[in-house]
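Close look at the chain arrangement
The lines below spell out each chain.
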Amino acid sequence: MNEARGTALPGDHSEDIIAALRQARAERRPVYISAGGSKRHWLGRHCEHALLDISAHRGIVDYQPRELVLTARAATPLTEIEAALGEAQQVLPFEPPLLGGRATLGGTLACNLSGPARPWRGSVRDAILGVQLINGKCEHLSFGGRVMKNVAGYDVARLQAGALGSLGVLTQISLKVLPRAEKTLTLRYDMAAAAAIETMNRRAGAPKPLSGACWYDGALYLRLSGAATAVDSTAMQWGGEPLEESATPWHGLREMTLPYFDGAAPLWRFSIKPSAPLATAAERTLIDWCGAQRWLRGAQAPAEMHRVAAAAGGHVIVFRGGDRHSEVRTPLGPVQQALQQRLKRAFDPDGILNPGLLYSWL
Amino acid sequence: MSNLSISAAAASHGLYYAPDPSSQIACSIGGNVAENSGGVHCLKYGLTVHNILSLTVLTVTGEQLILGSEGLDSPGYDLLALLTGSEGLLGIVIEVTVRLLPAPEEARVVMAGFDSVEAAGDAVGAIIAAGIIPAGLEMMDRLAIRAAEDFCHAGYPRDAAAILLCEVDGTREEVMQHTAAVVQCFQDRGASSLTISQDEAQRALLWQGRKAAFPAVGRLAPDYYCMDGTIPRGQVAFVLSEIYRLAEAYNLPVANVFHAGDGNLHPLILFDASDPQQIRRAEAFGGDILDLSVRVGGCITGEHGVGVEKLRKMPSQFSTAELLQFEEIKHAFDPALNLNPGKGIPILKRCQEYRALPARHHHE
């Protein structure tokens, strides 16, 4: 049965959160769930719900390096988690943005944010093993667990990835972590975007320790991580200009601090087939995730962007800026829309948890 | 389409489909989605849910849905993840797009025999602590070793209390580096024997014993009852010793063959189905193993699913409110309960212990 319910431990504020949510439910008053507040003005649609502040509900509950499993409360800052992992030479495989120390584990899962290693090391959605959450009926529930394989009941834990908190207030999360790579090396190649897309996809088809592939500003960057012998031998075969760590783009990509991300122009994120040809202006495009994630700056017409995404086998969101009162995500078909609405009601019958954040109708 | 035929079709491109359940000759990719199947290689390469890109699904009302995309995520709720492992209760999967991986340059198996299951269990943790994620890390205990050896003649040490089969893969240099590290780990934990595969034929033979372990154990008794609990890796030795204690108490032999790297146990309880008393004892023994798995922080099924058999065990892992949440999810997809009725999640009106609950939860 589920251990963390019942007696309150230091850092465990779940009872306070339940009480606040009961109050909101009684008043039929929607809430906006917040911990670090690092993603308040992007990713989701504009909303003006009262804040449900869960920032006090934090702390690492359990960490067993030999199990490759860490359990922490939802508002635990990722920096605290990374520090604990670092002592055991382990890492969060999905390289989430830390956002100046404000990003929390719960927010990262709710937003399904993963960094440059995503195509090879998986996303936060892939690393998740179990969650505890408070649903819209104010019930504190536990799904999944702390073990690698668990197919009892539906995978409610993974369903929270990208749900922006609209199915439950996440309170505790268990996830799989990985050993830090023994060696990492980045190679740079001067190259146009179209050639870079072809090259990165071809490289990804070879059994080599690739862990990053991006293109911007006329250069392709490939990152190798793994056993030192494998990294060194691959670098010899692949050529390119080896870079000092400080000259690589990975940190700036992960934290979105590259100059590319500066400025007020709307930021579009395409999630598409990795080998799809370039369909946006190269000078305003940044290609990451081996071609599967592409960024575009500019005030484009949403309908045109949806068409581009669909033609490339994927979808698009207005990640930051632009008109956040309208829809910011690719529209869903009527069957799926109805299903998603029924699923929302299954968790949150009164619609009090972050309503309207993902879609106006959800 | 069978799991194995996917990798066979991709082989000419130097690619393969990573999840490889031991039943991969026979099991279908649709069934793999329904159970979120893993296999020998899932510690490093993930489960079905990590290796599929999209599903074409028919809803209970016959409407077609495409979940997932050609990219790495989808807008809205991740129904692809929710459907995976849902045992066909939410929709009918009719087409699966899988993600293929480049076949590793090289793979090697290190087999080590140990005089105790404790030493073998400790060696599992030591490999992880050394920073190595093996492609596969499997454990078999004495009864399973002997049955598999008699069946396949793979060269398993018949006197060992347990063996570990550890596969490392990657580039040639990486495999050499990691093989040496694994051998060191096993020696440090007092391995009584060590075999390193020298070529593909030997690697295949070492795996053949493991993959044929179920039928091999099946020859030892008229029937066997295969359990499937997952536990934290560090609990392997304790749980095995408890299983041996239960085997004596129930007076039924048990063989253990399992995914040690994932902590996914597959105890095989040997019995004779023509004896109703033995059936009852085998079921009670199996139930005790699942309760034990939950007690040490694990779950009642890693990859075989709940089906009908484990419905009665769901309340040992989930509270009433959690089971009701599952019912609400089911209701959102299939309100009349037409898809695989009576499987996967207990519908509480059928559960005696929940008869007293308010009627609105009962999908009347």
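Note: the structure precedes this text.
**Remarks on the overall build of chain A**
Secondary structure assignment for chain A yields 11 helices and 17 strands. Residues counted as buried form 56% of the 362 residues belonging to chain A. If you take every contact in chain A between residues at least 6 apart in sequence, the share linking residues at least 24 apart comes to 68%.

**Describing the overall build of chain B**
The helix and strand inventory of chain B stands at 13 helices and 14 strands. Relative to the globule expectation of 21 Å for 364 residues, the C-alpha radius of gyration of chain B, 21 Å, shows essentially globular dimensions. Out of the 364 residues in chain B, the part that is buried amounts to 53%. For chain B, contacts bridging at least 24 residues in sequence account for 70% of all contacts bridging at least 6.

**Description of the environment of B:Glu106**
Residues and elements named next belong to chain B. Note on placement: Glu106 falls in strand E6 (residues 106-114). For Glu106, a count of 18 C-beta atoms within 10 Å corresponds to the partly exposed category. In this view, Glu106 contacts Asp169, Arg172 and Val175; residues no more than four positions away in its chain are not counted.

**Observations regarding helix H7 (residues 193-204) of chain A**
In this model, H7(A) (12 residues) spans 16 Å end to end at C-alpha, consistent with the 16 Å of a helix rising 1.5 Å per residue. The inward-facing, buried residues of H7(A) contact strand E11 (210-216), strand E12 (219-226) and strand E15 (285-288) of chain A.

**Focus on the sheet that holds strand E7 (residues 136-141) of chain B**
Residues and elements named next belong to chain B. Taken together, 7 strands build an open sheet; the order of strands is E9-E6-E8-E7-E12-E14-E10 and the sheet is antiparallel. Both outer strands of the open sheet, strand E9 (193-196) and strand E10 (223-226), are each paired with one neighbouring strand and no more. When the angles between neighbouring strand axes are averaged without regard to direction, this sheet yields 15°. With 4 bridges joining them, E6 and E9 adopt antiparallel strand pairing.

**Looking at the interface of chain A and chain B**
Note on interface size: it is often stated as the accessible area lost on association of the parts. Facing 69 residues of chain A, the contacting portion of chain B comprises 72 residues. The set of elements that each furnish at least two residues to the side of chain A that touches chain B consists of helix H4 (118-121), helix H5 (124-127), strand E7 (140-144), helix H6 (156-159), strand E9 (178-179), helix H8 (228-238), strand E17 (315-320) and helix H11 (334-347) of chain A. Considering every element that reaches the side of chain A that touches chain B, the biggest residue donor is H11(A), with 7 residues.

**Side note on the nonpolar core**
What tends to happen in soluble globular proteins is that the nonpolar side chains get buried as a cluster. Core analysis: the largest hydrophobic core is formed by 172 residues, its most contacted members being A:Ile128, A:Val169, B:Ala148, B:Ile163, B:Leu164 and B:Ile269. The contact partners of B:Leu164, leaving out residues within four places of it in the chain, are B:Ala112, B:Ala120, B:Ala123, B:Val124, B:Leu137, B:Met139 and B:Ala260. Core analysis: the next-biggest nonpolar cluster, separate from the first, contains 41 residues, A:Cys214, A:Val231, A:Cys290 and A:Trp295 among them.

**Side note on the packing of H11(A) against helix H13 (residues 320-333) of chain B**
Packed helices, taken two at a time, are described by the angle their axes make and the gap between the axes. In the contact formed by H11(A) and H13(B), the axes pass within 9 Å of each other and the chain directions differ by 160°. The angle between the axes of H11(A) and H13(B) places the two elements in the roughly antiparallel class. Taken as a pair, H11(A) and H13(B) cross one another with a handedness that is right-handed. Within the contact between the two elements, H11(A) uses A:Leu339, A:Arg342, A:Leu343 and A:Ala346 and H13(B) uses B:Glu328, B:Ile329, B:His331, B:Ala332 and B:Phe333. Here the residues of the contact of H11(A) with H13(B) sort into 6 nonpolar, 1 polar and 2 charged.

**Some remarks on unusual backbone geometry**
Backbone phi values are negative for most residues with the exception of glycine, while trans is the configuration of most peptide bonds. Residue and element names in this part refer to chain B. Even without a glycine there, the phi angle at Asn36 is positive, about 50°. If you trace the backbone, Asn36 turns up in the loop between helix H2 (29-35) and helix H3 (42-45). A tally of 27 C-beta atoms within 10 Å means that Asn36 is categorised as buried. Positioned with a positive phi, Asn340 is a non-glycine residue whose angle comes to about 40°. Among the structural elements, Asn340 can be located in the segment after H13. Take Asn340: there are 18 C-beta atoms within 10 Å of it, and that puts it in the partly exposed class.

**Overview of the environment of B:Cys185**
All names here are of chain B. Note that Cys185 resides in helix H7 (residues 172-188). In this structure, the C-alpha to C-alpha distance between Cys185 and Gly125, residues 60 residues apart in sequence, is 9.7 Å. Filtering out sequence-adjacent residues up to four positions away, Cys185 remains in contact with Ala123, Ala126, Ile127 and Ala130.

**Digging into the sheet that holds strand E3 (residues 60-64) of chain A**
Note on sheets: strands pair through backbone hydrogen bonds, and any given pair is parallel or antiparallel. Residues and elements named next belong to chain A. Across the sheet, which stays open at both edges, the 5 strands sit in the order E3-E4-E8-E6-E7 with antiparallel pairing between neighbours. Taken across any chain shown, the strands that pair with only one partner, and hence form the sheet edges, are E3 and E7. Each strand axis lies, on average, 10° off the axis of its neighbour in the sheet, ignoring direction. The strands that helix H2 (residues 78-87) touches are E3 and strand E4 (69-73); relative to E3, the one it contacts most, it runs at about 25°.

Parameters and conventions
- Residues numbered from 1 in each chain as written.
- Chains lettered and ligands numbered in written order.
- Predicted model: local features only at pLDDT ≥ 70, side-chain atom pairs only at ≥ 80, totals over all residues.
- Helix = DSSP H or I, 4+ residues; strand = E, 2+ residues; numbered from the N terminus.
- Buried ≥ 20, exposed ≤ 12 C-beta atoms within 10 Å, placed from the backbone.
- Contact = placed C-beta atoms within 7 Å.
- Rg over C-alpha atoms; globule rule 2.2 N^0.38 Å.
- Expected span 1.5 Å × (residues − 1).
- Pairing = 2+ DSSP bridges.
- Axes fitted to C-alpha atoms, helices over the stretch in contact; angles between N-to-C directions.
- Core = buried A, V, L, I, M, F, W, Y, C linked by C-beta atoms within 7 Å.
- Parallel < 35°, antiparallel > 145°, perpendicular 65-115°, else oblique.
- Left-handed = near helix turned anticlockwise from the far one by under 90°.
- Nonpolar A, V, L, I, M, F, W, Y, C, P; charged D, E, K, R; others polar.

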